[in-house]
Protein chains: 4
Amino acid sequence: MIMGDRKTKAAIRWGVVGGGKGSQIGYVHRSAALRDGYFTLLAGAFDIDPDRGAAFGEDLGLDPDRCYADYKAMFAAEAQREDGIRAVTIATPNNTHYAITKAALEHGLHVVCEKPLTFTTAEAQELERLARDQNRVVGVAYGYSGHQMVAQARQMVTSGVLGAIRLVNMQFAHGFHSAPVEETSPGVKWRVDPAFAGPSYVLGDLATHPFYIAEVMAPELKIKRLLCARQSFVKARAPLEDNAQVMIEYEGGAFGSLWVSAVNAGAMHSQKVRIVGEKASIEWWDEHPNQLRYEVQGEPPRVLERGMPYLEAPALAEDRIGAGHPEGLFEAWANLYARFALAMEAHDDRDPGRVGEMWYPDVRAGVEGVRFVENCVRSADAGAVWVEYS
Amino acid sequence: MIMGDRKTKAAIRWGVVGGGKGSQIGYVHRSAALRDGYFTLLAGAFDIDPDRGAAFGEDLGLDPDRCYADYKAMFAAEAQREDGIRAVTIATPNNTHYAITKAALEHGLHVVCEKPLTFTTAEAQELERLARDQNRVVGVAYGYSGHQMVAQARQMVTSGVLGAIRLVNMQFAHGFHSAPVEETSPGVKWRVDPAFAGPSYVLGDLATHPFYIAEVMAPELKIKRLLCARQSFVKARAPLEDNAQVMIEYEGGAFGSLWVSAVNAGAMHSQKVRIVGEKASIEWWDEHPNQLRYEVQGEPPRVLERGMPYLEAPALAEDRIGAGHPEGLFEAWANLYARFALAMEAHDDRDPGRVGEMWYPDVRAGVEGVRFVENCVRSADAGAVWVEYS
Amino acid sequence: MIMGDRKTKAAIRWGVVGGGKGSQIGYVHRSAALRDGYFTLLAGAFDIDPDRGAAFGEDLGLDPDRCYADYKAMFAAEAQREDGIRAVTIATPNNTHYAITKAALEHGLHVVCEKPLTFTTAEAQELERLARDQNRVVGVAYGYSGHQMVAQARQMVTSGVLGAIRLVNMQFAHGFHSAPVEETSPGVKWRVDPAFAGPSYVLGDLATHPFYIAEVMAPELKIKRLLCARQSFVKARAPLEDNAQVMIEYEGGAFGSLWVSAVNAGAMHSQKVRIVGEKASIEWWDEHPNQLRYEVQGEPPRVLERGMPYLEAPALAEDRIGAGHPEGLFEAWANLYARFALAMEAHDDRDPGRVGEMWYPDVRAGVEGVRFVENCVRSADAGAVWVEYS
Amino acid sequence: MIMGDRKTKAAIRWGVVGGGKGSQIGYVHRSAALRDGYFTLLAGAFDIDPDRGAAFGEDLGLDPDRCYADYKAMFAAEAQREDGIRAVTIATPNNTHYAITKAALEHGLHVVCEKPLTFTTAEAQELERLARDQNRVVGVAYGYSGHQMVAQARQMVTSGVLGAIRLVNMQFAHGFHSAPVEETSPGVKWRVDPAFAGPSYVLGDLATHPFYIAEVMAPELKIKRLLCARQSFVKARAPLEDNAQVMIEYEGGAFGSLWVSAVNAGAMHSQKVRIVGEKASIEWWDEHPNQLRYEVQGEPPRVLERGMPYLEAPALAEDRIGAGHPEGLFEAWANLYARFALAMEAHDDRDPGRVGEMWYPDVRAGVEGVRFVENCVRSADAGAVWVEYS
């Protein structure tokens with residue numbers, strides 16, 4: 001149970017790149033990082049417009065000297081301060097993640113980065129190596145994975161209650177972009193522009209979420225080959241897709257499917273992950289994250305509820321409020337930021353192993369997300385053919 | 001509203017092949033055919049064991065003379081009678097459908113046949129030609145399609161309320177055969193034996209149902225190519241699959257996906273069809289067939305209820321009881337049998353056009369189901385590759 | 001499993017009073033009685049207009065001689081025939097049930113009567129005595145109680161899996177008469193006219209259904225006192241109520257509540273019964289009758305499915321189709337008519353005890369329904385005060 | 001849309017009484033107050049054990065001098081400081097609310113108090129007068145009411161889309177105390193002890209929540225008389241009830257019902273409020289607070305989703321994240337604390353009217369909650385009879 005007690009020795013001095021005025025995701029990051037005192041916001045390069053960024057930082061109570069014109073200035077100046085930041089969150093457009101993360105690591109900072117980490121696996125792997133060499137944490141913002149029922153699912157799958165895994169069904173299929181809303185919405189426009197969004201739209205924007213959640217739930221599965229078909233139902237979005245369907249063959253014979261869409265008219269999120277084993281299945285839906293469906297073949301289906309004593313310990317550890325009371329996405333993010341802080345402190349102490357069984361969306365997860373999208377795009381662009389996973 | 005009034009001039013003299021003692025599906029066929037007096041059961045070759053078949057027929061009140069040892073005897077003898085049967089239902093194992101249907105048509109009988117109609121498209125097309133030449137009806141037992149909310153969906157899609165169709169998601173994925181239950185259950189054993197079941201298990205047994213329902217709902221869609229991956233999670237079932245995933249490209253750019261499974265542990269039917277258009281989606285689930293979900297992008301989702309005045313006329317015409325009262329699968333079947341009778345009478349009167357807009361799972365639907373399975377198997381057996389639909 | 005096999009020695013010769021042209025409920029009765037051959041329809045007085053009634057009967061294939069002008073003529077004439085009817089169903093307006101049932105019993109007929117059996121408890125008890133003296137069955141059309149999951153609930157409650165019963169929550173609250181639809185709908189008009197409907201509207205029309213189902217589920221409970229408040233939101237309906245709320249104290253300390261309404265705008269049926277015990281609760285909803293919710297305190301809620309092997313034997317005995325396939329209200333009614341036939345045969349054989357544990361909505365249930373409504377009305381008319389149950 | 005921007009001029013200097021180590025509710029209050037910078041925590045009397053309280057405060061980063069032994073010391077000392085607290089939250093056992101709130105008001109502090117505000121209406125009214133005289137805000141912790149869909153419901157009801165209100169159904173019925181858990185759980189023990197809990201258990205603890213939500217949704221309704229039956233299914237809890245049922249007659253003819261329980265075995269919260277009007281109904285369930293069911297008679301039911309543009313402005317104003325992403329109870333509380341701050345600032349500026357249409361659970365709501373419980377207890381203790389509301 002979390003009641004605001006920080007499990008680390010000290011709050012981590014923290015800065016933010018991007019996420020300034022009008023940024024919803026910036027608010028989500030700050031809420032999560034500051035929730036239980038794991039981080040202290042001390043510096044920021046919040047905006048591409050330096051004045052607006054500075055004003056924003058001052059509104060947040062920052063020292064004006066520590067509101068920077070850009071990330072380069074921030075990293076350089078903070079590195080000179082004895083009380084300089086130790087960690088930075090990167091909440092900028094996709095095309096900048098690689099360069100900023102790289103710079104942050106080179107300045108010895110821990111990083112929390114929005115996904116996708118980079119546009120190519122090679123770049124992501126470079127960051128992974130750099131993080132290892134620098135002994136730094138890179139956390140990736142797979143926020144949904146912080147829900148406790150995801151942890152519950154992981155415990156159930158890895159402890160074998162489902163039996164051998166046969167099927168993994170993933171989807172994240174909303175309808176908000178059924179019409180060409182990008183024509184009037186700047187917030188959507190960049191997502192369908194390869195220059196800013198990278199080589200994909202819904203594969204990168206949506207698919208990586210259930211993909212990571214499935215990986216958390218069933219960590220043993222390794223992809224052998226996959227096939228991806230992608231479509232641009234709003235034609236002007238081509239070559240970026242607004243809908244995609246993926247088939248996955250895992251080592252050992254399990255089979256996966258994934259559907260992502262921004263044109264699933266009338267749907268909200270429809271982010272669901274279902275893991276089917278020999279004996280039982282589990283299913284989780286992000287719109288009602290406090291529940292986990294558990295179906296044993298031959299028995300009545302059960303709905304597990306967050307906060308109940310029958311859950312596994314890791315699923316209970318991060319509760320902030322009793323069973324029945326709904327927690328939401330902000331709590332899931334806060335759970336991740338707390339784990340980021342624990343991992344950062346362990347790295348600072350040169351004792352990364354002490355976080356033990358704790359998992360979080362780390363740089364490896366960031367690499368895997370990019371790799372997955374890259375393989376999907378490679379398959380789709382070759383005509384929706386099978387490609388060996390690489 | 002149906003209150004037992006028959007819309008045909010006379011009950012059709014009717015016989016049954018198969019469906020004898022212990023056959024659940026035989027009971028379903030009889031319940032549907034006799035429900036509102038459209039058919040009169042007068043003859044049968046109910047069992048591979050003639051004595052048991054005769055006893056069964058007598059229990060049903062048949063004239064012992066008209067309880068036959070096999071379908072050949074029945075067709076021959078009934079053809080000699082002035083009051084001989086005019087229609088026959090075939091509820092035998094899959095491997096016999098082709099021969100019996102062919103014989104029935106050659107004897108001038110209308111036919112209702114269990115699916116799959118045949119094992120090959122060529123055979124099915126032969127039956128289609130024969131039916132046309134003989135001016136006979138061949139109805140296929142896609143029982144779920146008789147639910148009124150399927151008719152409602154068809155009206156909505158074809159009238160354009162969804163806009164252009166983009167996506168068709170089909171599934172029928174139960175978990176009842178997660179374990180190798182065929183080892184002890186004869187009723188499952190034949191389904192996984194190619195000699196009796198044909199070239200597929202779940203594709204033929206399950207996939208054809210949502211496939212036909214999707215066709216009813218969106219009749220304009222034509223398949224261009226498809227790709228099918230199939231698996232035998234219970235290894236002894238190979239080459240027959242107990243799980244399959246299909247991708248479909250339709251002419252004009254719509255995209256379809258289908259998941260069928262007998263190893264979806266813990267699930268009952270999970271037969272669902274979702275049609276996504278530019279503006280809205282509909283979704284139907286056979287386990288709760290009195291509801292149809294209707295989601296207009298940008299509006300709250302609605303749940304349409306069978307029997308309500310806001311529905312389209314064809315969806316209301318076959319109600320047997322007021323809104324709120326649940327109808328079940330027996331009513332869906334009875335709806336189909338009533339349509340079969342209407343079509344048979346129209347054919348007998350050499351005026352098949354008078355059934356107008358009425359649709360039912362006819363021989364063409366039977367051909368299409370076989371064709372779909374055949375294409376899926378062809379794709380799967382070539383390594384889950386794209387095949388042009390043929 | 002039911003596959004059309006009749007469990008009685010012979011079909012019962014059967015007649016119907018009312019339920020003629022345009023009567024939905026007449027169709028429901030015929031469908032149920034004829035479903036599996038338990039009854040043979042041989043006579044009828046279907047309509048207050050004799051010619052229309054005769055025409056209707058002939059359409060059903062009856063001998064014109066046995067299409068009668070009224071029930072008196074029918075009972076008299078049939079009593080003279082060697083092959084006369086042995087049972088009659090009464091599907092006429094409420095104000096005639098008492099007289100026709102009485103006449104039927106006096107003619108030695110078994111009866112199935114629409115509810116309410118009578119307008120007063122005294123009358124109902126008179127019929128109960130008469131039925132006992134005549135050794136006849138009087139079945140009452142509490143059709144919903146025939147669903148198998150009601151039987152499942154009864155087994156669970158009576159076997160003690162819930163622990164001692166604490167609470168019984170009943171409701172049947174639709175919204176179809178939110179507006180004064182009786183002004184234009186004759187089918188509704190008589191329901192709000194005391195001359196035809198009796199002393200109540202929704203209490204008699206709706207409340208008796210969940211009341212009986214609760215009694216089936218928890219047969220041990222005895223009402224000690226109750227309090228009823230009723231309202232006429234459409235004022236012209238007064239003194240008949242279109243909404244009512246009841247509190248019930250049972251012997252032994254259990255507490256009940258009941259809500260019935262015809263003005264619950266936007267709701268379909270909302271007929272639900274929840275039984276809460278010391279350890280667990282069950283809840284059943286008639287719109288999705290194939291499911292039963294089972295909630296053990298401290299465990300995840302389960303949803304039990306009709307047809308599954310984990311159910312109790314009595315809940316499985318009447319399945320007509322496999323688990324996952326929805327059954328509807330017609331099957332529930334057919335289950336009751338089969339039990340009526342079994343009870344009638346046992347009475348005919350002067351061996352009523354041989355039906356053993358079998359329950360059905362019998363004359364006692366009819367009496368209890370009338371008594372409940374009478375007590376509710378007595379409470380309501382005294383200002384919604386507690387009345388000792390009598 | 002909320003993105004962390006404070007709408008008040010300055011953060012309010014804030015202290016807390018109670019809510020110390022191990023207090024879940026203390027964490028909820030702090031999370032809400034501090035969420036977007038509306039309050040700054042500067043002082044506390046967190047614990048009945050002064051040392052433990054001081055340690056707790058220091059862990060929270062407070063100045064040790066401002067960690068007080070008790071509320072009296074805190075109020076006295078802070079009143080002497082130029083930078084003393086301006087508002088205090090009271091999160092202590094129920095029996096202390098009255099005295100501490102009174103003292104706080106007398107010291108010129110704004111108050112946020114846990115419910116129930118007091119044990120008697122007279123006391124609550126005294127606080128109401130005192131608050132008015134002192135020009136202070138007293139907010140009451142009806143946290144669920146801060147969910148945006150409650151605001152949506154209010155807009156819909158008050159704008160007349162439901163038509164005249166006929167029925168109000170309220171419930172909050174969990175099963176967590178089905179067994180006598182108080183024997184081993186100190187956290188439950190005080191709730192069933194009149195000395196600490198006051199004259200009721202579930203009426204005060206649970207009923208006041210849906211009661212206030214219904215009042216928010218349908219503010220025009222005034223209670224005329226009510227009747228309450230309460231039970232102690234765990235006998236040792238008597239005279240405090242663990243289950244209660246209430247009937248309510250409102251001025252003008254609307255009718256209400258309320259069910260509260262701690263022995264609804266297997267249920268989580270089941271807190272639901274349904275408002276039925278002439279034309280339509282709405283229904284809200286706190287376990288899935290991002291949805292609001294809207295049912296227009298004669299139309300398909302709709303499920304409204306938080307964050308969607310079709311909602312009313314007040315329901316959108318407090319969103320922190322886009323539609324589809326679940327918000328939880330912490331956001332609802334934060335919404336209330338933001339409103340508390342706005343109201344406090346308006347009072348400080350002697351311009352309380354400037355908060356305009358904004359509503360929040362104020363001292364009047366606190367009085368009404370106490371009054372409702374008092375009337376219920378009066379009715380129940382007189383034998384569950386009708387009492388004129390006073």
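Rules used throughout
Position labels on residues start from 1 in each chain and follow its written sequence. Following the order in which they are written, the chains are lettered starting with A and the ligands numbered starting with 1. Thresholds applied to this predicted model are a pLDDT of at least 70 for local features of residues and 80 or more for the giving and counting of side-chain atom pairs; totals over whole chains, interfaces and linings are not thresholded and use all residues. Heavy atoms from the whole structure form the basis of all side-chain values; hydrogens and water molecules are not counted. Numbering of helices and strands starts at the N terminus; helices are DSSP runs of H or I of at least 4 residues and strands are runs of E of at least 2. Radius of gyration means the value over C-alpha atoms here, while the globule rule gives 2.2 Å times the residue count to the 0.38 power. Buried means the residue's accessible area, taken with a 1.4 Å probe over protein chains only, is under 20% of the maximum for its type, while exposed means over 50%, and partly exposed covers the values in between. Paired strands are those between which DSSP finds at least two bridges. Interaxial angle, 0 to 180 degrees, is taken between N-to-C directions of lines fitted to C-alpha atoms, where a helix line uses only the stretch in contact. By definition, residues are in contact when any of their heavy atoms lie within 4.5 Å. Only centres within 6.5 Å qualify two rings of Phe, Tyr or Trp (six-membered ring in Trp) as a pair; their planes then separate them into stacked at under 30 degrees, edge-to-face at over 60, and tilted for everything else. As a working definition, buried area equals the accessible area (1.4 Å probe) given up by two parts on being put together, with both sides summed. By definition here, a salt bridge exists when the distance from a side-chain nitrogen of Lys or Arg to a carboxyl oxygen of Asp or Glu is within 4 Å. Whenever two N or O atoms come within 3.5 Å, that pair is a polar contact, provided that in protein one can donate a hydrogen and the other can accept it, and provided that, for residues adjacent in sequence, both atoms are side-chain atoms. All residues other than Ala, Val, Leu, Ile, Met, Phe, Trp, Tyr, Cys, Pro, Asp, Glu, Lys and Arg, Gly among them, are scored as polar; the first ten of these are nonpolar and the last four charged. Orientation categories follow fixed angle ranges, with anything under 35 degrees roughly parallel, anything over 145 roughly antiparallel, 65 to 115 roughly perpendicular, and all other angles oblique. Superposing copies: least-squares fit, C-alpha atoms only, residues required to have pLDDT of at least 70 in both. Domain delimitation in this document rests on an assignment produced automatically or drawn from a domain database. Note: the arc covers the axis-to-C-beta directions of the helix.

Take the overall build of chain A next. Per the secondary structure count, chain A includes twelve helices and 14 strands. Whereas a compact globule of 390 residues would reach a radius of gyration of roughly 21 Å, chain A reaches 21 Å, a difference of no more than 12%. In terms of principal-axis extent, the alpha carbons of chain A reach across some 65 × 50 × 40 Å. In chain A, which comprises 390 residues, the proportion classed as buried is 64%.

All right, on to the sheet that holds strand β1 (residues 12-18) of chain D then. All names here are of chain D. Taken together, the five strands give an open sheet; going across it, the order is β2-β1-β3-β4-β5, and neighbouring strands pair in parallel fashion. The strands lining the two open edges of the sheet, one partner per strand, are β2 (39-45) and β5 (138-140). Each adjacent strand pair in this sheet contributes to an overall mean axis angle of 20°, direction not counted. Bridging between strand β4 (residues 110-113) and β5 involves three bridges; their strand directions are parallel. Directly across from Val 112, in β5, lies its bridge partner Gly 139. The strands touched by helix α3 (residues 71-80) are β1, β2 and β3 (87-91); relative to β2, the strand with the most contacts, the crossing angle is about 130°.

Below, the discussion takes up the packing of aromatic side chains. Applying the stated criterion across every chain yields a total of 44 aromatic pairs over all chains. Judged by centre distance (5.8 Å) and plane angle (80°), the rings of B:Phe340 and B:Tyr360 are edge-to-face. Of this pair, B:Phe340 sits in helix α11 (residues 329-348) while B:Tyr360 is found in the loop between α11 and α12 (363-381), placing the two residues 20 residues apart along the sequence. Of the two residues, B:Phe340 and B:Tyr360, neither departs from the other in class, the shared state being buried. When the centroid spacing of 4.9 Å and the interplanar angle of 25° are considered together, the rings of D:Tyr142 and D:Tyr212 count as stacked. With a gap of 70 residues between them, D:Tyr142 in the loop between β5 and α6 (148-158) and D:Tyr212 in helix α9 (residues 202-217) connect regions that are remote in the sequence. Take D:Tyr142: its relative accessible area is 3%, and that puts it in the buried class.

Contacts between the two partners involve 40 residues from chain C and, on the opposite side, 40 residues from chain D. For the pair chain C and chain D, the two sides together bury roughly 2,900 Å², of which 56% comes from carbon and sulfur. When the buried surface of chain C facing chain D is broken down by residue, C:Arg166, C:Phe233 and C:Gln297 rank first, second and third, together holding 22% of it. In this assembly, chain C and chain D are joined by zero salt bridges. Counting across the interface, chain C meets chain D through 18 residue pairs in polar contact (both at pLDDT 80 or more). At the level of elements, β6 (165-173), β7 (223-231), β8 (243-250), β9 (255-261), β10 (272-277), β11 (280-285) and β12 (291-296) of chain C are the ones that each hand at least two residues to the side of chain C that touches chain D. When its residues are assigned to classes, the side of chain C that touches chain D shows 19 nonpolar, 15 polar and six charged.

With that out of the way, let us pick up the packing of helix α6 (residues 148-158) of chain A against helix α9 (residues 202-217) of chain A. Residues and elements named next belong to chain A. At a closest axis distance of 7 Å, the pairing of α6 and α9 adopts a crossing angle of 45°. What the angle tells us is that α6 and α9 run oblique. Judged by residue contacts, Val 150, Ala 153, Arg 154, Val 157 and Thr 158 of α6 engage Ile 213, Glu 215, Val 216 and Met 217 from α9. Here the residues of the contact of α6 with α9 are counted per class, giving six nonpolar, one polar and two charged.

Looking now at the relation of the copies chain C and chain D. The transform that puts chain C on chain D rotates by 180° and translates by 0.0 Å along the axis, for an RMSD of 0.0 Å. Such a turn and shift between the copies fits a two-fold axis. When each C-alpha of chain C is compared by its distance to the rotation axis, C:Val385 comes out closest, at 3.7 Å. Interface overlap between copies: 100% of the residues of chain C at the interface are likewise at the interface in chain D, consistent with a symmetric, same-surface contact.

When the parts of a complex come together, some accessible area is lost, and that lost area is often taken as the interface size. Residues and elements named next belong to chain A. Once the domains are mapped, chain A shows domain 1 (12-144 + 341-362) and domain 2 (148-317 + 367-388). Using only C-alpha atoms to locate each centre, domain 1 and domain 2 end up separated by 26 Å. Contact residues are listed per partner, giving 20 residues for domain 1 and 27 residues for domain 2. Across the interface of domain 1 and domain 2, roughly 1,900 Å² is buried in total on both sides, 62% from carbon and sulfur atoms. Inspection of the domain 1/domain 2 interface yields one salt bridge. For Asp 205, the salt bridge is made with Lys 115, and the minimal N-O distance between the two is 3.6 Å. For the pair domain 1 and domain 2, the interface holds five residue pairs in polar contact (both at pLDDT 80 or more). Looking at the side of domain 1 that touches domain 2 residue by residue, the class counts come to eleven nonpolar, seven polar and two charged.

To continue, consider the pairing of β6(C). Residues and elements named next belong to chain C. Most of β6 is tucked away, with eight of its nine residues classed as buried. The pairing of β6 with β10 spans six bridges and is antiparallel. Following the sheet pairing, Val 168 is matched in β10 by Ile 275.

Before going further, it helps to spend a moment on the sheet that holds strand β4 (residues 110-113) of chain C. All names here are of chain C. Here five strands make up an open sheet; going across it, the order is β2-β1-β3-β4-β5 and the pairing parallel. Looking at which strands have only one partner, the edges of the open sheet turn out to be β2 (39-45) and β5 (138-140). Strand-to-strand twist across the sheet, computed as the mean angle between neighbouring axes with direction ignored, equals 20°. Sheet strands in contact with helix α3 (residues 71-80) are β1 (12-18), β2 and β3 (87-91), and its direction is about 130° off that of β2.

Before going further, it helps to spend a moment on helix α2 (residues 50-59) of chain A. All names here are of chain A. Taken together, the buried positions of α2 are Gly 53, Ala 54, Phe 56 and Gly 57. One side of α2 holds all its buried residues, which, seen down the axis, span an arc of 160°. Across α2 from its buried face, at more than 90 degrees, point the exposed residues Asp 51 and Asp 59. Buried residues belonging to α2 abut α1 (24-34). Between the side-chain oxygen at the start of α2 and the backbone nitrogen of Asp 51 there is a gap of 3.1 Å, and the oxygen is on Asp 49.

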